[in-house]
Protein chains: 4
Amino acid sequence: MSSVAAEHTATILVSCPDRRGLVAALAQLLYGHGINILDADQHTDSAANMFFQRIRMDLREMHTDRMSLERAIAEVAARFDMRWRLAYGSHHKRLAVFVSKYDHCLHDLVLRQRAGELACDIPLIVSNHAELAPVAQGYGIAFHAFPISAATKAAQEAKILELLERERIDVVVLARYMQVVSAQFCERYAERAINIHHSFLPAFVGGKPYHQAHLRGVKIVGATAHYVTSELDEGPIIEQDVMRVSHRDSVDDLIRKGRDLERTVLSRAVRHHLEERVLVAGNKTVVF
Amino acid sequence: MSSVAAEHTATILVSCPDRRGLVAALAQLLYGHGINILDADQHTDSAANMFFQRIRMDLREMHTDRMSLERAIAEVAARFDMRWRLAYGSHHKRLAVFVSKYDHCLHDLVLRQRAGELACDIPLIVSNHAELAPVAQGYGIAFHAFPISAATKAAQEAKILELLERERIDVVVLARYMQVVSAQFCERYAERAINIHHSFLPAFVGGKPYHQAHLRGVKIVGATAHYVTSELDEGPIIEQDVMRVSHRDSVDDLIRKGRDLERTVLSRAVRHHLEERVLVAGNKTVVF
Amino acid sequence: MSSVAAEHTATILVSCPDRRGLVAALAQLLYGHGINILDADQHTDSAANMFFQRIRMDLREMHTDRMSLERAIAEVAARFDMRWRLAYGSHHKRLAVFVSKYDHCLHDLVLRQRAGELACDIPLIVSNHAELAPVAQGYGIAFHAFPISAATKAAQEAKILELLERERIDVVVLARYMQVVSAQFCERYAERAINIHHSFLPAFVGGKPYHQAHLRGVKIVGATAHYVTSELDEGPIIEQDVMRVSHRDSVDDLIRKGRDLERTVLSRAVRHHLEERVLVAGNKTVVF
Amino acid sequence: MSSVAAEHTATILVSCPDRRGLVAALAQLLYGHGINILDADQHTDSAANMFFQRIRMDLREMHTDRMSLERAIAEVAARFDMRWRLAYGSHHKRLAVFVSKYDHCLHDLVLRQRAGELACDIPLIVSNHAELAPVAQGYGIAFHAFPISAATKAAQEAKILELLERERIDVVVLARYMQVVSAQFCERYAERAINIHHSFLPAFVGGKPYHQAHLRGVKIVGATAHYVTSELDEGPIIEQDVMRVSHRDSVDDLIRKGRDLERTVLSRAVRHHLEERVLVAGNKTVVF
């Protein structure tokens, strides 16, 4: 990794139909603005004829301003039919953590953020239960409980969305939040809401995956972090990991051991997202 | 592992309802025959109230004979309602490898057997194609091709079963054999026929699992070795393993990389089976 | 794992020269006291002719008392020249965590203890610095700082040992404690003090192992938890784990990523120790 | 991976002091020749201020010839003080495998080459023993035995070098070749001779690493593939991997299990080398 301080960097993510000259055009453009490329990674999906690229750049010697840079990129993008987004290292994304009663993922996210591993702010914890209020308080993070029943669900979610808007939340992390969010919510936070599912998807979709895994007698269990979409457990997968289990492990053992997996996988996915490493392509991801 | 030569050892596998005094009764019995316990492993499934044990023993100072030993075990077994089986290290199981056109699992099994890693004989290779005849010949192993169509399937399988009987085959290994075997076959080789499925079951059951995995965009793929039962890909799992993949991997890459997994997982399962480490309980396994 | 509540269980660890009849003698003894065996694991080191066993037992139907049980074990132990120890699940070990300035292992241990993953009390945090006092306070755990210089080292360590005695500490965990402890300390807490070293021992003994690893260009780095002995980084290894790194990882990346390894490996080792799974044999461990 | 047939591709590896405009210059150059970039990977070592890049390109629409391309690259290289090498996918490297008595790595390399996983020819097996002649014969590969004693070492090695020259060998793979090669040999095949060492270097340098590992009581063992240099086991590491072991594993178990590691790690390193993924920088490697 480069030793350039993050606030002097920017990252661009690009996807477009593959074509000769793409790499040269972008590299030339950046060079023309006095920008040094710190990291570049690209991928060509030849089956889909698509090109993907991530470039992290050093802006310290840029001899134009951000507006000129963005205008220049927009021009090249139009020429090559590119989707692109540019994120400046000087802007910390604002992240809201959604929880129910389990706290292991929450602790992990907050402790990593405080250790400098996750470049974001965490101004807000949302829950459908009151249990974790003391944990939030211990960390000095605002905690909002929205108890949800079938009858109140729509109204409560509307209030949650209002709150997220008011708090200018960029990223929603469902850290073992035991509620299905609505299609409208999914759309509003499309490619910006990350869920952790406690199985190796697509195995054991839905409820009680550790019970399902125990019943089937698998020798390995997993966890999956994915973008939330309106189809339950079907969103683009960002990260997965697994661990060995054996006949000695009861369902309770799986649940206990699985906590380590869940928090690790979720934190990695959040980190990839925050570092602008993830591009969604169809229902899949490119993770640079 | 003990340094006692395999031919002086025996292994007993036991399962029964859990009860006090079980361990003492068996240990006492073996001691009474002058047998030293080399390894012992046990497992209690408290939910099912079942007890499982594997004992590997040194017979060199046994001061009775095999018949007395077996009679004594049968008596204890009757008292505790035990299922048990006893295997002598001096008997090498006879293994038939079933293949179609892929040879990677076959090479792996044969090379390991020759390197002394798999205590068995491999007198026979069965296939529904002729392609791998030269490989069999290279190793000096008899090769029998049974081309199978919908019309000939029943008749050909009957011939295969006859051949297995004639060759006194103890274990059947489906090493990427691209044919579903009949319920009758499954029954005849119940808990003695091992299949390798090229996915992390229960994800991607059925055909073309690497294509399915690629389409879903998973970040990890796997392989599963299981006992063959009449329900496709649903038998008791013996061993699984996984490896990381990324957006860079095409279906062809998954197929290529998956070969390493398949052969490793299959060989491990065969080894566990040959070393009498596997007990089937319901649709699950205890692997000591 | 058994569903018997921990407070009704006990665990015995045994090591002695290997001999026929050992297993039967112990099993018979327990049976005679009305004790059911929940788990048993044994190991024979045939090169050293040594036998090791761990038995976890259910005391609920024991029809004698602890004193009779222990006396009976002592008799068998004398007969077979056994070293043994017996731990009752009803007694929670008291653990002191030693830290300097890094808090990741501390958080991990305390959070796991509170989540019920580590059956112990943590009444005490000891440090040679004041930095982590607020963390201790946040958890409501007593914090004692003993600043150490070459001149004060002996005196300060004497005070620490006094404190540990006063607090009846059973286990000392050096959770990135950046001080070498004295031979006297090692002896007092022999096989009861656990250190985490941030490399894959025996590679990169001593200071700045991540710098050493980076310089050598290794593709994998590790962490090692071991019992503390008077020879630096040479004590019996309890647990190790590793992770992949690449040319992209700077020393700072290794330090950051390594934190995950260190805390995981240390917590696992502490857990093994607390569950009475570890037997020291020479400079090695048997971990059941 | 791209679906362009290998014979229409070329790969360039570049290293030079880091400077703005590098990426643009190379991309522009290739674009100017009608070359499409299939994959590009780059790395900046900011501590050393060095830039590294690998570009795999599609030559099918190149509208100049190879000579013009290479001349153009040489010019850019001179301007930026680049070390570079260009390899055409149409040229298969010629690989010689050196063995002693162990055959597991040899089988693995040859079977992978035949399965299309290693894009090379293997015309030659060299040994200091005659044992593996039948294996070579089975594969139809020329086998040359050069028995070596202290007295004959220099003369025999000279003959080996002659043979390699005559056979136009590009890559030498020491596949458990139990002989130290001379400094002269190392120089002649600098960055083109790959050795497998059966430990996780730098732990357990030198002879009998599994014995050393067993003695130290490690919980994980490893294998390391590295370029051969005149300092034993000190060359730039290309690939490493590890596996868990326990107190149950005797030295013989480590040796047996280690074979899987050795062959896997060696084959991966050879593959990386053949695919022109490895750049040596000082005593370390960049593996793209």
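Residues numbered from 1 in each chain as written. Chains lettered and ligands numbered in written order. Predicted model: local features only at pLDDT ≥ 70, side-chain atom pairs only at ≥ 80, totals over all residues. Heavy atoms only, no water.

**Quick look at the relation of the copies chain A and chain B**
Two copies of a chain can be linked by a rotation about an axis combined with a shift along that same axis.
Then, in step 1: With an RMSD of 0.0 Å, the operation that places chain A on chain B is a rotation of 180° combined with a shift of 0.0 Å along the axis. When the rotation and shift are considered jointly, the pair of chain copies conforms to a two-fold rotation axis. Among all residues of chain A, the minimum C-alpha distance to the rotation axis is found for Ala203 of chain A, at 2.3 Å.
Then, in step 2: Mapped onto chain B, 100% of the interface residues of chain A are again interface residues, and the two copies thus contact each other with one and the same surface. (Least-squares fit on C-alpha atoms with pLDDT ≥ 70 in both. Contact = heavy atoms within 4.5 Å.)

**Focus on the pattern of salt bridges**
Think of it this way: side chains of opposite charge can pair up when their charged atoms draw near.
Then, in step 1: Summed over all chains, the structure comprises 97 salt bridges over all chains.
Then, in step 2: Glu117 of chain A serves as the salt-bridge partner of Arg259 of chain C, at 2.9 Å between the closest nitrogen and oxygen. Residue Arg259 of chain C is located in helix α8 (residues 251-274), and its partner Glu117 of chain A is located in the loop between α3 (104-114) and β6 (120-127); the two belong to separate chains.
Then, in step 3: Between Arg268 of chain B and Glu239 of chain B there is a salt bridge, with the nearest N and O atoms lying 2.3 Å from each other. Of the two residues, Arg268 of chain B sits in helix α8 (residues 251-274) while Glu239 of chain B sits in strand β11 (residues 237-244), which places them 29 residues apart along the sequence.
Then, in step 4: On the basis of relative accessibility, which here comes to 5%, the residue Glu239 of chain B falls in the buried class. (Salt bridge = Lys/Arg side-chain N within 4 Å of Asp/Glu carboxyl O. Helix = DSSP H or I, 4+ residues; strand = E, 2+ residues; numbered from the N terminus. Buried < 20%, exposed > 50% of the residue type's maximum accessible area, 1.4 Å probe, protein only.)

**Focus: the interface of chain B and chain D**
One frequently used descriptor of interface size is the decrease in accessible area upon assembly of the parts.
Then, in step 1: Facing 16 residues of chain B, the contacting portion of chain D comprises 15 residues.
Then, in step 2: Together chain B and chain D conceal approximately 1,400 Å² of surface at their shared face, both sides included; 35% is due to carbon and sulfur atoms.
Then, in step 3: At the junction of chain B with chain D, the criterion picks out six salt bridges.
Then, in step 4: Joining chain B to chain D, the criterion identifies six residue pairs in polar contact (both at pLDDT 80 or more).
Then, in step 5: Listed by contribution, the elements that provide at least two residues to the side of chain B that touches chain D are α3 (104-114) and α8 of chain B.
Then, in step 6: If you tally residues by element for the side of chain B that touches chain D, the top one is α8 of chain B, at six residues. (Buried area = accessible area lost by both parts, 1.4 Å probe. Polar contact = N/O pair within 3.5 Å; in protein donor to acceptor, adjacent residues only side chain to side chain.)

**Focus: the relation of the copies chain B and chain D**
Then, in step 1: When chain B is fitted onto chain D, the two copies agree to an RMSD of 0.0 Å after a turn of 180° and an axial shift of 0.0 Å.
Then, in step 2: Comparing interface residues between copies, 94% of those in chain B also lie at the interface in chain D; the contact surface is shared.

**Things to note about the side chain of Asp108 of chain A**
Then, in step 1: Within the secondary structure layout, Asp108 of chain A lies in helix α3.
Then, in step 2: Its relative accessible area of 2% is what places Asp108 of chain A among the buried residues.
Then, in step 3: At 2.9 Å, the side chain of Asp108 of chain A forms a polar contact with the side chain of Arg263 of chain C.
Then, in step 4: For Asp108 of chain A, the contacting residues outside a window of four places in its chain are Arg263 and Ser267 of chain A together with Arg263 of chain C.

**Some details on the domain arrangement of chain A**
Residue and element names in this part refer to chain A.
Then, in step 1: What the domain assignment reports for chain A is domain 1 (6-88) and domain 2 (93-287).
Then, in step 2: For domain 1 and domain 2, the distance between their C-alpha centroids amounts to 31 Å.
Then, in step 3: Contact with domain 1, which involves eleven residues of that partner, is made by nine residues of domain 2.
Then, in step 4: Summed over both partners, the interface of domain 1 with domain 2 comes to about 840 Å²; 54% of that surface belongs to carbon and sulfur atoms.
Then, in step 5: Counting the surface domain 1 buries against domain 2, the share from its top three residues, Phe52, Arg54 and Arg85, is 52%.
Then, in step 6: On the surface where domain 1 and domain 2 come into contact, there are one salt bridge.
Then, in step 7: Ionic pairing is found between Glu276 and Arg85, a salt bridge with its closest N-O pair at 2.9 Å.
Then, in step 8: Where domain 1 touches domain 2, the interface holds four residue pairs in polar contact (both at pLDDT 80 or more).
Then, in step 9: Taken together, the elements giving at least two residues each to the side of domain 1 that touches domain 2 come down to β1 (9-17), β3 (50-58) and β4 (83-88). (Domains from an automatic or database assignment.)

**Examining the sheet that holds strand β7 (residues 142-145) of chain C**
All names here are of chain C.
Then, in step 1: Strand order across the open sheet formed by seven strands is β7-β6-β5-β8-β9-β10-β11, with mixed pairing between neighbours. What marks the edges here is a single partner per strand, and that holds for β7 and β11 (237-244). Direction aside, the axes of adjacent strands within the sheet are offset by 20° on average.
Then, in step 2: Where strand β8 (residues 171-174) meets strand β9 (residues 193-197), three bridges bridge the pair, whose relative direction is parallel. What sits directly across from Val173, in β9, is Ile194.
Then, in step 3: Across the sheet, helix α3 (residues 104-114) touches β5 (93-99), β6 (120-127), β8 and β9, and the angle it forms with β6 is around 160°. (Pairing = 2+ DSSP bridges. Axes fitted to C-alpha atoms, helices over the stretch in contact; angles between N-to-C directions.)

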